[in-house]
Each structure stands twice: as C-alpha cells, then as structure tokens.
Amino acid sequence: DTGVSQNPRHKITKRGQNVTFRCDPISEHNRLYWYRQTLGQGPEFLTYFQNEAQLEKSRLLSDRFSAERPKGSFSTLEIQRTEQGDSAMYLCASSFFGSQGNIQYFGAGTRLSVL
Amino acid sequence: ELKVEQNPLFLSMQEGKNYTIYCNYSTTSDRLYWYRQDPGKSLESLFVLLSNGAVKQEGRLMASLDTKARLSTLHITAAVHDLSATYFCAVALSSGTYKYIFGTGTRLKVLA
C-alpha cells in the first residue's frame, strides 16, 4: 500500500491520559501535515513538517500537543493530559513540495474519543 | 486571515438533476482544491485548480476557478446515487506552508 497510513484508527481514552498517534506518509513525500476535524466541520490545520523540520504550528495547537518527525519519515502527534474537547478525527496528509499543485494526500485518520 | 465559505451546507437532490456547489474565499490565492469525503473515510482528491479560468472535469463533476471573484464552483451533471458524499473545497496559501484552509463542506445526498 503506497498511501498515507495512520495508526491507530480509533483511540478511546480517559480524560487526563496521554495519547500518541502515528502517521506514515507516502515514501517520497517531503511535507507532512496534521489536521483536526470535528463532526460537521472541515479539517483545521494543526502543524506541518518539511522533512524533519517543524515549520509552523497553529494557534489551535496548545502546549499539550507535540509533534515530531524524526529523520523526515513517519510522524507522531502526542496529546498530553487529554481533555474532552480534544475528541476529534486527527488527519495526516503528505505532499511532495515542488510537484505541480502540491496536492496533499490524506490518510484515513485517527478518531479520538476522550471520556 | 483567510476564510473559506461553501454553500449550500446541505443538498438533497434527485437522480438525474444538475446542481452547483459554491466556494468563496476571502484572500488572494491561485490554488484551490476539491475533495470528497465518504462517511467515516478520509478525503479523496478530486480536482486541483491552479490558475484563473481553470476548468477540470471528471465524469459528472466539473470544477472551475475565478480568482478575480475569489470563487470556485463544483457542478454536478445528472447526479447519481454514488455521488452522495461530503464535498470540501480548500484554498492554499500561495507561499510558505501551502497549508489548506478548508470550507465547512457540502453534504450531498442524491435520492434515487
């Protein structure tokens, strides 16, 4: 499978717990984006990487959120001390910067439910 | 701050009918994308429009871009049930991150 892969697909956790999601982009893509989508809304940008460098973070990304992309390959998104408001679908996308259109290809997402 | 608005938010239509979804955005951009999302699934790229007057067609869907009016349209011709999904437009900033700013989506239901 050469698409964007996200794990786990679903995560149920109790408020206050820490969770970590993983994203494996399309192998030759140098840009990786994280978005958050709540029910009935469009995805909202959280952060992005070019290779291993995190170049921008949204104001939506509080101090409880951290993302990494070691070696410019897979990426992880960690949420510490989860809150009920963190419940959402977390989407990862990748693109090859320099390609025409810089189309972002999305993974299936990780649905987080905070109880 | 770039804002993207879609209308209508919900659309219920009969098979065989035509309809248009509108996407308005607030800041200059020449990169606009249309995606489809089925329930519980991820976003599938439909079209990328990169210049004023660009028109792309695939099957019963046709997308166009008017950068001067800051407007894109997604036209559906002779709708079929399989087109039922949520359609998002997204505008990308023309430099830097190229992050997408998404519209709120149009939930389309095609009735047999």
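Bear in mind the structure is a predicted one, so any value in this text is a computation, not a measurement.

1. Here we look at the overall build of chain B
Counting secondary structure elements, chain B contains 0 helices and 11 strands. Relative to a compact globule of 112 residues, whose C-alpha radius of gyration would be 13 Å, chain B shows 13 Å and is just as compact. In terms of its C-alpha atoms, chain B occupies a principal-axis envelope of roughly 45 × 30 × 20 Å. Expressed as a percentage of contacts within chain B between residues at least 6 apart in sequence, the contacts between residues at least 24 apart total 54%. Working note: accessible area of chain B is about 5500 Å², and carbon and sulfur atoms make up 50% of it.

2. With respect to the overall build of chain A
Within chain A, the regular secondary structure consists of 0 helices and 11 strands. In chain A, the succession of α and β elements from N to C terminus is β-β-β-β-β-β-β-β-β-β-β. If you line up chain A on its principal axes, its C-alpha atoms span 40 × 25 × 25 Å. Here chain A holds 115 residues, and 48% of them are scored as buried. Considering only residue pairs separated by 6 or more positions, chain A has 53% of its internal contacts joining residues 24 or more positions apart.

3. Let's talk about the interface of chain B and chain A
The interface is formed by 20 residues belonging to chain B together with 23 residues belonging to chain A. When chain B packs against chain A, close to 1700 Å² is buried across both sides, 55% of that on carbon and sulfur atoms. Where chain B meets chain A, there are 1 salt bridge. Of the charged contacts in the structure, one is a salt bridge between Lys99 of chain B and Glu56 of chain A, with a shortest N-O distance of 2.6 Å. The set of elements that each furnish at least two residues to the side of chain B that touches chain A consists of strand 4 (32–37), strand 5 (43–49) and strand 10 (100–102) of chain B. Its residues placed into classes, the side of chain B that touches chain A shows 9 nonpolar, 8 polar and 3 charged.

4. Points about the side chain of Ser94 of chain A
All names here are of chain A. Tracing the sequence through the fold places Ser94 in strand 9 (residues 88–95). A polar side-chain atom of Ser94 sits 2.8 Å from a polar atom in the side chain of His29. Once residues within four sequence positions are removed from consideration, Ser94 is found in contact with Val4, Pro25, Ile26, His29, Arg31, Leu32, Ile103, Gln104 and Tyr105.

5. Side note on the side chain of Gln6 of chain B
Residues and elements named next belong to chain B. Position of Gln6 relative to the elements: it lies in strand 1 (residues 4–7). At 3.1 Å, the side chain of Gln6 and the backbone nitrogen of Cys89 are in polar contact. In this structure the side chain of Gln6 is engaged in a polar contact, spanning 3.1 Å, whose partner is the backbone nitrogen of Gly105. Look past the residues within four positions of Gln6 in its chain and what remains in contact with it is Ile21, Tyr22, Cys23, Trp34, Tyr87, Phe88, Cys89, Gly103, Thr104, Gly105 and Thr106.

6. So, the packing of aromatic side chains
Per the counting criterion, the structure on display carries 13 aromatic pairs over all chains. For the ring pair Tyr33 of chain A and Tyr48 of chain A, a centre distance of 5.3 Å and an interplane angle of 20 degrees mean the geometry is stacked. A residue pair is termed long-range when its members are at least 10 positions apart, and Tyr33 of chain A in strand 4 (residues 31–37) and Tyr48 of chain A in strand 5 (residues 44–50) qualify at 15 residues. Each member of the pair, Tyr33 of chain A together with Tyr48 of chain A, is buried. An angle of 90 degrees between the planes, with centres 6.2 Å apart, marks the rings of Phe88 of chain B and Phe102 of chain B as edge-to-face. Within this pair, whereas Phe88 of chain B is found in strand 9 (residues 85–92), its partner Phe102 of chain B is found in strand 10, the two being separated by 14 residues in sequence. Of the two residues, Phe88 of chain B and Phe102 of chain B, both sit in the buried class. Through successive ring pairs, a cluster of aromatic residues spans Tyr33, Tyr35, Phe45, Tyr48 and Phe106 of chain A together with Tyr33, Tyr35, Phe88, Tyr100 and Phe102 of chain B. Positioned over the ring face of Phe74 of chain A is Arg22 of chain A, at 3.9 Å from the centre of the ring.

7. Observations concerning the sheet that holds strand 3 (residues 19–24) of chain A
All names here are of chain A. Reading across from one edge, 1-3-8-7 is the order of the 4 strands in this open sheet, with antiparallel pairing throughout. Two strands close off the open sheet at either side, each with one partner strand: strand 1 (5–7) and strand 7 (65–68). On average, adjacent strands in this sheet sit at an angle of 15 degrees to one another, irrespective of strand direction.

What counts and what doesn't
Residues numbered from 1 in each chain as written. Chains lettered and ligands numbered in written order. Predicted model: local features only at pLDDT ≥ 70, side-chain atom pairs only at ≥ 80, totals over all residues. Heavy atoms only, no water. Helix = DSSP H or I, 4+ residues; strand = E, 2+ residues; numbered from the N terminus. Rg over C-alpha atoms; globule rule 2.2 N^0.38 Å. Contact = heavy atoms within 4.5 Å. Areas by Shrake-Rupley, 256 points an atom, 1.4 Å probe, with all protein chains shown as cover. Buried < 20%, exposed > 50% of the residue type's maximum accessible area, 1.4 Å probe, protein only. Buried area = accessible area lost by both parts, 1.4 Å probe. Salt bridge = Lys/Arg side-chain N within 4 Å of Asp/Glu carboxyl O. Nonpolar A, V, L, I, M, F, W, Y, C, P; charged D, E, K, R; others polar. Polar contact = N/O pair within 3.5 Å; in protein donor to acceptor, adjacent residues only side chain to side chain. Phe/Tyr/Trp six-rings, centres within 6.5 Å; stacked < 30°, edge-to-face > 60°. Lys NZ or Arg CZ within 6 Å of the ring centre and 35° of its normal. Pairing = 2+ DSSP bridges. Axes fitted to C-alpha atoms, helices over the stretch in contact; angles between N-to-C directions.

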